[in-house]
Amino acid sequence: DAGVTQSPTHLIKTRGQQVTLRCSPKSGHDTVSWYQQALGQGPQFIFQYYEEEERQRGNFPDRFSGHQFPNYSSELNVNALLLGDSALYLCASSLYRTNTGELFFGEGSRLTVL
Amino acid sequence: AQSVAQPEDQVNVAEGNPLTVKCTYSVSGNPYLFWYVQYPNRGLQFLLKYITGDNLVKGSYGFEAEFNKSQTSFHLKKPSALVSDSALYFCAVRDRNTGGFKTIFGAGTRLFVKA
């Protein structure tokens, strides 16, 4: 049973560039959430996707956008990168009808912005 | 606004001794409460959750947590610590009234278990 997979694991970008991160949820899950974890901090909620729509959003600017595909996989896009966007980006999957359920996390994509 | 506080950046305990990692929360209504653990360069792993019912919740690897509504706390405990328990622990809350999976995490507490 495949867990949550994310790609790439590491990447380096320069200020102003754009980045796309990818996530495949755990088998059987239909909901994907994205979190940003800066160094020494807890994960911060970016947004959640279900049925290919953004359902909830945290306090992140419009530079952060996403997409969910019919196979439930998801992408996180960040435009006009800033140095402060350097962080570990975590994808978490869950089953929408059981919102009492825990999140299953991938190992993350570590983004460094120079 | 929802928030989670983990007042200790680091907890040090000797192997075999009991451990407690503290968590308090602020959220309207009755929240769902969670504990996750993170090992170096890894994603978060679920340990346990409180949804309703018994205030003492048992989870993975011998961990348990006690929900205290009056003190708005959800402290993580283990009767006998292992060196392998050394990791970063996150307390998290979810507002059951808003639905969805938006989860608020604390800043984390690093647990160091000395042999």
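Note that the structure is a prediction, hence the values are computed from the model and not measured.

Chemist: What am I meant to see in the overall build of chain B here?
Modeler: Regarding its fold elements, chain B presents zero helices and twelve strands. Beginning at the N terminus, the succession of helices and strands in chain B can be written as β-β-β-β-β-β-β-β-β-β-β-β. Scaling as 2.2 N^0.38, a compact globule of 115 residues should have a C-alpha radius of gyration of about 13 Å, and chain B matches this with 14 Å. For chain B, the C-alpha atoms occupy an extent of roughly 45 × 30 × 20 Å along the three principal directions. Residue burial in chain B is summarised as follows: out of 115 residues, 48% are buried. Put simply, 56% of the contacts in chain B that link residues at least 6 apart link residues at least 24 apart. Counting every atom, chain B has about 5400 Å² of accessible surface; 49% of that belongs to carbon and sulfur. Of the charged side chains in chain B, 12 are positive and 8 negative; the average position of the first set lies 5 Å away from that of the second.

Chemist: Help me out: how do you make sense of the side chain of E102(A) in this one?
Modeler: Here E102(A) shows up in the loop between β9 (87–94) and β10 (104–105). The class for E102(A) is buried, based on a relative accessible area of 18%. Within the structure, the side chain of E102(A) is placed 3.3 Å from the side chain of K49(B), a separation counted as a polar contact. Apart from residues lying up to four places away in sequence, E102(A) is in contact with S93(A), S94(A), F34(B), Y36(B), F46(B) and K49(B).

Chemist: Hey, could you run me through the packing of aromatic side chains in this one?
Modeler: We describe a pair of aromatic rings using the distance from one ring centre to the other and the angle between the two ring planes. Applying the stated criterion across every chain, the model contains 14 aromatic pairs over all chains. With 6.1 Å between their ring centres and 75° between their planes, F105(A) and F105(B) make a pair best called edge-to-face. Residue F105(A) is found in strand β10, and its partner F105(B) is found in strand β11 (residues 104–105); the two belong to separate chains. The class for F105(B) is buried, based on a relative accessible area of 6%. The interplanar angle of 50° and the centroid separation of 5.6 Å between the aromatic rings of Y36(B) and F105(B) together place this pair among those described as tilted. With a gap of 69 residues between them, Y36(B) in strand β5 (residues 31–38) and F105(B) in strand β11 connect regions that are remote in the sequence. Take Y36(B) and F105(B): they sit in the same class, and that class is buried. One aromatic cluster in this structure is built from Y35(A), F45(A), F105(A), F34(B), Y36(B), F46(B) and F105(B). The ring of F104(A) carries the charged tip of K26(A) above its face, separated from the ring centre by 5.2 Å.

Chemist: When you look at the interface of chain A and chain B in this model, what are you seeing that I'm missing?
Modeler: Buried accessible area, meaning the area lost when the parts come together, often serves as the stated size of an interface. With 27 residues of chain A at the contact, the number on the chain B side is 22 residues. The largest share of the area that chain A buries against chain B comes from N99(A), T100(A) and E102(A), three residues that together contribute 28% of it. Where chain A touches chain B, the interface holds two salt bridges. Across the chain A-chain B interface, the total number found is ten residue pairs in polar contact (both at pLDDT 80 or more). Where the side of chain A that touches chain B is concerned, the elements lending two or more residues are β4 (31–37), β5 (44–50), β6 (53–57) and β9 of chain A.

Conventions we followed
Residues numbered from 1 in each chain as written. Chains lettered and ligands numbered in written order. Predicted model: local features only at pLDDT ≥ 70, side-chain atom pairs only at ≥ 80, totals over all residues. Heavy atoms only, no water. Helix = DSSP H or I, 4+ residues; strand = E, 2+ residues; numbered from the N terminus. Rg over C-alpha atoms; globule rule 2.2 N^0.38 Å. Buried < 20%, exposed > 50% of the residue type's maximum accessible area, 1.4 Å probe, protein only. Contact = heavy atoms within 4.5 Å. Areas by Shrake-Rupley, 256 points an atom, 1.4 Å probe, with all protein chains shown as cover. Lys, Arg positive; Asp, Glu negative; His and termini not counted. Charge placed at Lys NZ, Arg CZ, Asp CG, Glu CD. Polar contact = N/O pair within 3.5 Å; in protein donor to acceptor, adjacent residues only side chain to side chain. Phe/Tyr/Trp six-rings, centres within 6.5 Å; stacked < 30°, edge-to-face > 60°. Lys NZ or Arg CZ within 6 Å of the ring centre and 35° of its normal. Buried area = accessible area lost by both parts, 1.4 Å probe. Salt bridge = Lys/Arg side-chain N within 4 Å of Asp/Glu carboxyl O.

Nothing here speaks to function; it is geometry throughout.
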